[in-house]
Amino acid sequence: MALSFAIFLIANDITAFSVAIPSMEKEFNSDITTAQWVMNGYTLVFGVMIISGGRLADMFGRRKIFFIGSAIFVFFSLIGGLAVDMWMLLSARALMGVGSALMWPAILGMIYGMIPSDRSGLAGGLVIAVCGFSNCIGPLVGGALTEWLSWRWIFFINVPIAILACLMCWKVVSNDSVEKVEEKIDYLGVATLSIALFGLLVALDLAVDIGFKSPLVMTLVSIFLVFIGLFILVERRENLDALIPRDIVRNHRFFAAGVTTLLISVIFFAALFFIPQYLSKVHGYSAIYAGLGLLPMMIVQGIGSFITGNLYEKLGARLMAAIGVLLMCLSMFILSHLHKGSSYIQLIPGLIILGAGVSLFFPTITTAAITAVDPTRASLAGAILYMFQIAGGAMGLGMNTTIVAMAPDISTGIDRAFTVNAYLALASLIVSVLFVSGKAHQEKVEE
């Protein structure tokens, strides 16, 4: 319960700002190109820093890193709420991503550490269920606060929620701080990986607007390739003190879960972005109502995730992940048949099936990935898995946007993009069936 508040805080914060951006633009006399970085800047910093956050949580104690991350998150929430111009707002929002990157892997590590290994499926179900609920009501909370008070209250409301989460965590989660840390912080690894990820994620974000052939995008991709190469060289030298230790790198089950997550995230992020776009541009829905159009998917995702937690131990990771991928594939084929005359009611079956697929896949793959590694690596494993999810979403959004932009109209574009996504899900199914399996580490210990 204590950590559910923390999950709610981070997940709600991702979607609550989406409906407030027009008000921010108006108050600071800005344009959408600049204002969109309220969302993109936060996600970018979150994605770049999260692996470092996971490593720090495993090294110094998850509860301690969670408190430090919460303090950073609250401080910059206050700064954001008091912003006097757009650049102060964007800076505060980006630095909130540092706090989230420390909090999220620490939360995952604490949850999986508190729940017995034979009930680990419940942990994944709890995390995704709370995330689904939070993502669902995020636009509602953000819209209500923006309309009745001010967009600034989306920042201010973080303060009491974070304080409550910290107080409850302090009371119910035991102190896991390490008195003497034997491992050293891999500063060079953090620097090279952060620069590499920054180059990749910015390139993918900009490619949506200026194309993959842009000199700027190509330069950023080159930066990614150079620094990811340097990161690999650094990691080989650091050995036990490496940012991503060798036992993680060589864990094939863990990286199979990561590759599957990378492919499937393309579908999930595409639906989150293009369904509201379709409702807004084809049917003339307002921003809030277009966001509410995703409710059938979010509700089924939230309810289904709780059920998934109980089924994990009975059916196993491979079967549940495969069923989830199949459902998401089916949903893409159903939703690909959109056209200008399609009513919202015709979208509901596809959205429900997509929500069911998400509720089966993401809790399962999260549990399979984290339980495949040593328990002392749980936070780092959760962080890397989330990095796969962010990267997959960014690449998928770029790919889907390119497909839609080349089409004669948005309905035809979504048809083509979602059809490609469905075939991508089939590729993910092959990886899932052949390689995904949970509890590799526990089984090894038991032997």
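Quick note: structure is the one above.
Residues numbered from 1 in each chain as written. Predicted model: local features only at pLDDT ≥ 70, side-chain atom pairs only at ≥ 80, totals over all residues. Heavy atoms only, no water.

Q: Where do I start with the overall build of the protein chain in this structure?
A: Summing up its helical and strand segments, the protein chain has 20 helices and zero strands in all. In the protein chain, which comprises 447 residues, the proportion classed as buried is 56%. Across the protein chain, the fraction of contacts at a sequence separation of at least 24, relative to all contacts at a separation of at least 6, is 83%. Per element, the accessible surface of the protein chain, about 18800 Å² overall, is 69% carbon and sulfur. (Helix = DSSP H or I, 4+ residues; strand = E, 2+ residues; numbered from the N terminus. Buried < 20%, exposed > 50% of the residue type's maximum accessible area, 1.4 Å probe, protein only. Contact = heavy atoms within 4.5 Å. Areas by Shrake-Rupley, 256 points an atom, 1.4 Å probe, with all protein chains shown as cover.)

Q: Would you mind showing me how to read a nonpolar patch on the surface here?
A: Together, Ile-299, Ile-303, Ile-307, Leu-311, Leu-315, Leu-319 and Ile-323 make up an exposed nonpolar region whose accessible area comes to about 580 Å². If one sorts the elements of the nonpolar patch by residue count, helix H15 (residues 295–315) sits on top with five residues. (Patch = residues over 30% accessible without salt bridge, like charges linked within 9 Å, V, L, I, M, F, W, Y side chains within 5 Å. Salt bridge = Lys/Arg side-chain N within 4 Å of Asp/Glu carboxyl O.)

Q: What's the story with the layout of surface pockets in this structure? I'm lost.
A: Gaps between atoms show up when a probe of the same size as a water molecule is rolled over them. In this structure, the second largest pocket occupies an estimated 690 Å³ of space. As for the second largest pocket, its lining consists of 23 residues, and the residues nearest its centre are Leu-193, Ile-228, Phe-231, Ile-244 and Phe-255. If you tally residues by element for the lining of the second largest pocket, the top one is helix H11 (residues 215–238), at six residues. Tallied by class, residues from the lining of the second largest pocket come to 19 nonpolar, one polar and three charged. (1 Å grid on protein atoms, 1.4 Å probe; cavity = no way out; pocket = protein on both sides within 12 Å on 5 of 7 lines; lining within 4 Å. Points joined across faces, edges and corners; volume = space filled by probe spheres on them. Nonpolar A, V, L, I, M, F, W, Y, C, P; charged D, E, K, R; others polar.)

Q: It is not clear to me how the side chain of Thr-261 should be interpreted in this structure. Could you clarify?
A: Within the secondary structure, Thr-261 is located in helix H13 (residues 252–281). The exposure class assigned to Thr-261 is buried, which follows from its relative accessible area of 1%. Of note is the side chain of Thr-261, whose polar atom sits 2.8 Å from the backbone oxygen of Ala-257. Sequence-distant contacts of Thr-261, defined by excluding residues within four places in its chain, comprise Phe-361, Phe-362, Ile-365, Leu-385 and Gln-389. (Polar contact = N/O pair within 3.5 Å; in protein donor to acceptor, adjacent residues only side chain to side chain.)

Q: What's the story with the pattern of salt bridges in this structure? I'm lost.
A: Two side chains with opposite charge may pair up if their charged atoms get near one another. Applying the stated criterion to the full structure yields two salt bridges. Of the charged contacts, one joins Arg-152 and Glu-27 as a salt bridge, the two residues approaching to 2.7 Å between their closest N and O atoms. Taken together, the residues span a long stretch of sequence, with Arg-152 in helix H8 (residues 152–156) and Glu-27 in helix H2 (residues 21–28) at a distance of 125 residues. For Asp-58, the salt bridge is made with Arg-62, and the minimal N-O distance between the two is 2.8 Å. For Asp-58, a relative accessible area of 15% corresponds to the buried category. Judged by relative accessible area, which is 12%, Arg-62 ranks as buried.

Q: I keep staring at the nonpolar core and nothing clicks. Help me out?
A: Within soluble globular proteins, side chains that are nonpolar generally end up buried alongside one another. Counting 133 residues, the largest nonpolar core has Phe-66 and Trp-104 as the members making the most contacts within it. Those residues within four positions of Trp-104 in sequence are excluded, and the remaining contacts are Ile-7, Ile-10, Phe-46, Ile-50, Val-127, Cys-131 and Tyr-386. (Core = buried A, V, L, I, M, F, W, Y, C linked by side-chain atoms within 4.5 Å.)

Everything listed here is a matter of coordinates, which is why it stays silent on function.
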